[in-house]
Structures are given as structure tokens and as C-alpha cells.
Amino acid sequence: MKITNTRNELQDLLLEKRVGFVPTMGALHDGHLDLVRASKSRGLFTVVSIFVNPTQFNDPIDFEKYPVNRERDLAMLESVNCDMVLIPSVTEVYAEGLNEDRFKHDFGFIALDYEGAHRPGHFEGVGRIVNILFEFVKPQVAFFGEKDFQQLAVVRKMNDMLALNIEIVGVPTRREQSGLAMSSRNEWLSQKQLKKATKIYESLVWAKENFREKSNAEILASIKARFVEDEEWSLEYFDLINPLSFQSVGLEKPTDVRAVIAAKLGEVRLLDNLKIA
Ligand code: PAF
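Residues numbered from 1 in each chain as written. Predicted model: local features only at pLDDT ≥ 70, side-chain atom pairs only at ≥ 80, totals over all residues. Heavy atoms only, no water.

Student: Requested: an account of the site of the ligand, with residues and values cited.
Tutor: The environment of the ligand is made up of Pro-23, Thr-24, Met-25, Asn-53, Gln-56, Ile-129, Phe-144 and Gln-151. At 2.6 Å, a side-chain N or O of Gln-56 approaches an oxygen atom of the ligand. Here an oxygen atom of the ligand sits 2.7 Å away from a polar atom, N or O, in the side chain of Gln-151. Its residues assigned to classes, the shell around the ligand comprises four nonpolar, four polar and no charged. (Near = heavy atom within 4 Å. Polar contact = N/O pair within 3.5 Å; in protein donor to acceptor, adjacent residues only side chain to side chain. Nonpolar A, V, L, I, M, F, W, Y, C, P; charged D, E, K, R; others polar.)

Student: Please give an account of the environment of Asp-106 that cites residues and values.
Tutor: Its place among the elements puts Asp-106 in the loop between helix H5 (90-93) and helix H6 (115-118). Overall, Asp-106 belongs to the exposed group, its relative accessible area being 64%. For the pair Asp-106 and Ala-263, spaced 157 residues apart in sequence, the C-alpha separation works out to 26 Å. Polar side-chain contacts of Asp-106 include one of 2.9 Å to the backbone nitrogen of Gly-108. (Helix = DSSP H or I, 4+ residues; strand = E, 2+ residues; numbered from the N terminus. Buried < 20%, exposed > 50% of the residue type's maximum accessible area, 1.4 Å probe, protein only.)

Student: I'd like a rundown of the sheet that holds strand E3 (residues 45-50), residues and numbers included.
Tutor: Within the open sheet, the six strands sit side by side as E1-E4-E3-E2-E5-E6. Their pairing is parallel. Two strands lie at the open edges of the sheet, namely strand E1 (2-4) and strand E6 (167-171), each paired on one side alone. Across the sheet, the mean angle separating the axes of adjacent strands is 25° when strand polarity is ignored. Taken together, the two bridges between strand E2 (residues 19-24) and strand E5 (residues 141-145) define a ladder with parallel strand orientation. Note that in E5 the partner of Phe-21 across the bridge is Ala-142. Set on the sheet, helix H1 (residues 7-14) makes contact with E1, E2, E3 and strand E4 (84-86); between it and E1 the angle comes to about 145°. Most of the contacts of helix H2 (residues 30-40) go to E5, to which it runs at about 155°, and overall it touches E2, E3, E5 and E6. (Pairing = 2+ DSSP bridges. Axes fitted to C-alpha atoms, helices over the stretch in contact; angles between N-to-C directions. Contact = heavy atoms within 4.5 Å.)

Student: Kindly report on the pattern of salt bridges, identifying the contributing residues and their values.
Tutor: This structure, assessed with the given rule, holds 22 salt bridges. Here Lys-40 makes a salt bridge to Asp-83, at a shortest N to O gap of 3.1 Å. Of this pair, Lys-40 sits in helix H2 while Asp-83 sits in the loop between helix H4 (70-79) and E4, and the two are 43 residues apart along the sequence. Owing to a relative accessible area of 29%, Lys-40 belongs among the partly exposed residues under this scheme. In this structure, the salt-bridge partner of Asp-62 is Arg-185, at a minimum N-O distance of 2.8 Å. With Asp-62 in helix H3 (residues 60-64) and Arg-185 in the loop between E6 and helix H9 (191-196), this pair connects stretches of sequence that are 123 residues apart. Across the pair, Arg-185 and Asp-62 agree in class, each one buried. Put simply, Arg-7, Glu-100, Arg-102 and Glu-135 are held in one network by salt bridges that share partners. (Salt bridge = Lys/Arg side-chain N within 4 Å of Asp/Glu carboxyl O.)

Student: Quick one: what's the story with the packing of aromatic side chains, residue by residue and with numbers?
Tutor: Tallied over the full model, the rule gives nine aromatic pairs. Relative to Tyr-94, the ring of Phe-51 lies with its centre 6.2 Å away and its plane at 50°, an arrangement referred to as tilted. Of this pair, Phe-51 sits in the loop between E3 and H3 while Tyr-94 is found in the loop between H5 and H6, placing the two residues 43 residues apart along the sequence. The exposure classification of Phe-51 matches that of Tyr-94, with both residues buried. Pairing Phe-227 with Trp-233 gives two aromatic rings, centres 5.0 Å apart and planes at 85°, and the pair type is edge-to-face. Like Trp-233, Phe-227 is buried. Here the aromatic residues Tyr-114, Phe-149, Tyr-237 and Phe-246 are joined through ring pairs into a cluster of three or more. Here Lys-199 stacks its cationic end above the ring of Phe-227, 5.8 Å away from the centre of that ring. Sitting above the plane of the Phe-149 ring, Arg-258 keeps its charged end 4.0 Å from the centroid. (Phe/Tyr/Trp six-rings, centres within 6.5 Å; stacked < 30°, edge-to-face > 60°. Lys NZ or Arg CZ within 6 Å of the ring centre and 35° of its normal.)

Student: Mind laying out unusual backbone geometry, listing which residues take part and the relevant values?
Tutor: Notably, Ala-27 is not glycine yet its phi reads approximately 50°, a positive angle. On the secondary structure map, Ala-27 appears in the loop between E2 and H2. Residue Ala-27 is classed as buried on the basis of its relative accessible area of 3%. For Ala-163, which is not glycine, the phi dihedral falls at a positive 50°. Within the secondary structure, Ala-163 is located in the loop between helix H8 (149-161) and E6. Since its relative accessible area comes to 63%, Ala-163 is described here as exposed.

What follows is the structure, encoded as C-alpha cells:
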């Protein structure tokens, strides 16, 4: 596995290769490895980037305390035969400055609600870094986890808007046995909180099981009530949405519906989603 820190060396090494790209912020878990496995299983030369991107954190404390464990990350990537790892510095990535306008995109209504509303500037930062990394790596295929479902929609939209012609692949969320979606932030949960955190997936499954029998208003009210019971929880949003437009389905019962949820358990923000219909 080759490790590089610069765009120039990376591009020399990637000449003539069919590249599958997995952007990450490190603190890897099995969900990230699934993205690498998906790329490798297509016979692609697989490049993983590890870069904790300052421009996508709306909360500077969240950025400061983002878990970093490079040795562990590299060992995990070796274990799935990743071909190359790019670990650039902030100056390598943002050579033209953190706010260069060329990488500023307006994703319209798909980025306005949910994560867009609760983390102002987040998708602007994600669009910026993914665009820059795409320019660095020039992949044919790029892999993103479905756990960040709105991010996946934003990346697809950017790919279309800029006619980048990259195949964007969404990879299903990897879950713990309890149902909890794997996330780098789970590292911050205590044993007790890890047990409590299953409420998120249980709520999504309940919404799916009851989608045809109950009205959408009943479903939303029931899920909200579950999070009020315990004051360690603070529910940021739960909704039933159209997965393409990221608009709420309101009272309707269309054929393609996704439930999206974000809640804080103590200081840890958890995010998940599930196909409902
Ligand atoms: O999903 C993430 O880890 C990040 O948002 C990404 C796509 C690597 C951009 O920094």
C-alpha cells in the first residue's frame, strides 16, 4: 500500500489507472472498509483519502476533538488491500485558501433542510472538499456511505452540475449487531449510551413497520415522544422524505420514501436513515 502526501506524486502514480476513490476523514470503522471492499471488488485501483476537513465543521470544538488514529487507520486499510492512501496537509488541499470561490456550489433545496438546516455551512464545506479531492484523484468511480444520505445526494448533484462524469456509488450502512449505524463518533459513547443509542435504529424500523397502517402525523408524533421520555436525548429531526428531492412527503404515502433522523445523546450527535417504502 503506497502512502502519499502530495497531489503531484499522487497524479504521477495514478496515470493510466482506473481509479476507485473513497474519501474519508479517518477514524475508520468497518463501514469505511465496506467502501474500500466495494471498490476493490470492481477491480479498481483503490485510493482512500484521509483528511479531517476544517471547512465542513460548523462547530470548531467538534473539529478539534474529531478522533485521529493514523496507525490504526493504515493497518485497517492494509487489511482490505487498499492500493493507495492520500493524507494531504491543509495547505496542500487548500493551496488557494480555504474559501476559494471556484469550489463554492449552491446545491439548492436538497441541501437546505435536515443536515443543511442543523449544520449551517456543512454542505458547502463538503462540496468544496469533495470537489477538490476529485480534482486531485480524478477517479472514474467514487464510493460514499448511505449513512450520510443527504451528503450522498449533494455529491451526486455536484457531479451532475459540474458534469464530472464520475460514477457515484452509495454503499449500504454497516450496523453493529444492535442495529446502531457504525460511525466514527460512536467512539465517544459510554457503554450505557451505546445501549441507549439503539433507539435511533429501533425508531426507524418501527416507522417502516407502521408506515402503511398509521398516518405520517402519527408516526412522527410517536417517534418524537420516544425521545422526550429521556432527557439525555435531544431529537434534532425525524422526517419521512422523498429520497431524491429531500423534501418531506408531508401527509402523502408515495412509493419511494426514506426516514431520516438526527439526535444528540448527551454531547454525541447521531445520524441515520432507512428506506421505508
Ligand atoms: O463523509 C465524510 O467522511 C466526509 O464528509 C467526506 C466525504 C470525507 C468529506 O470530508
